[in-house]
Amino acid sequence: MKVQGKMFLWLSFFILAMAIVYGVWSKEAAGTTALFMAFGLSVMIGFYLAFTARRMDAIAQDNKEADVADDAGELGFFAPHSWQPLSLAIGGALAFLAIAMGWWLLYFSAPLILVGLFGWVFEFYRGENQNQ
């Protein structure tokens, strides 16, 4: 995690330099603003990764003497199947379509988004996957 944090922080400095150069040479507001926002996002991700790396034990990626086998093992629990992302995707597509077609379409997309969101959050609190 320390390596990834450093990579994002170095990337943020590069993006900042490019934002300044682009802003001075182009005198164009939209691209300059986008680059400064990319700088901010990169700083946030780098700070989060560096902060998290300080609070957890060192992993194999942080050890220069580590082998590939040192990182083997269980990585965590991943849901084997879920229908909730489909509901969220359809609801999100309808919500974005509402911007172009008409705001009335949000009445149909909001329930789909809420069902998908609550279903995904509470997926392992009920039903056949309750004990996982």
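The structure we're discussing is the one just above.
The paragraphs below set out a description of the structure included in this document. Throughout this document, residue positions are counted from 1 along each chain, in the order its sequence is written. With the structure being a predicted model, the display of local features is reserved for residues of pLDDT at least 70 and the display and counting of side-chain atom pairs for 80 or more, all residues being used for whole-chain, interface and lining totals. Note: side-chain values were computed over all heavy atoms of the structure, leaving out hydrogens and water.

1. A word on the overall build of the chain
Check the secondary structure of the chain and you find four helices and zero strands. The principal-axis extents of the C-alpha atoms in the chain amount to approximately 50 × 45 × 20 Å. Buried residues in the chain amount to 19% of all 132 residues. Contacts spanning at least 24 positions in sequence make up 57% of the contacts within the chain whose residues lie at least 6 apart. His is not counted here, nor are the chain ends, while Lys and Arg score as positive and Asp and Glu score as negative. To locate a charge, take NZ of a lysine, CZ of an arginine, CG of an aspartate or CD of a glutamate. Here the chain carries 7 positive and 10 negative side-chain charges, and the mean point of each set is 14 Å from the other. Helix and strand assignments come from DSSP, with helices taken as H or I runs of at least 4 residues and strands as E runs of at least 2, each series counted from the N terminus. Classification of residues uses two cut-offs on accessible area relative to the type maximum, computed with a 1.4 Å probe and protein chains only: under 20% is buried, over 50% is exposed, and between them is partly exposed. Residues count as neighbours in contact if any of their non-hydrogen atoms are within 4.5 Å of one another.

2. Examining helix α4 (residues 106–121)
Multiplying 1.5 Å by the residue count of a helix minus one yields the expected span of that helix. Over its 16 residues, α4 extends 22 Å from the first C-alpha to the last, a length consistent with the 22 Å expected when each residue adds 1.5 Å. Those residues of α4 that sit buried are Ser 109, Gly 116 and Gly 119. Angularly, the buried residues of α4 cover 105° about the axis, an arc narrow enough to put them on a single face. Looking at the packing, one finds that the buried side of α4 touches α3 (84–101). By arc we mean the arc of the directions from the helix axis to the C-beta atoms, nothing more.

3. Re the packing of aromatic side chains
Each Phe, Tyr or Trp ring (for Trp, its six-membered ring) is paired with any other whose centre lies within 6.5 Å, and the angle between the two planes then decides the class: stacked below 30 degrees, edge-to-face above 60, tilted in between. Counted by the stated rule, this structure contains five aromatic pairs. An aromatic cluster is present here, built from Phe 118, Phe 122 and Tyr 125 joined pairwise through their rings.

4. Looking at the side chain of Ser 109
With respect to the element layout, Ser 109 can be found in helix α4. Those residues in contact with Ser 109 that sit more than four places away from it in its chain are Gly 91, Leu 94 and Ala 95.

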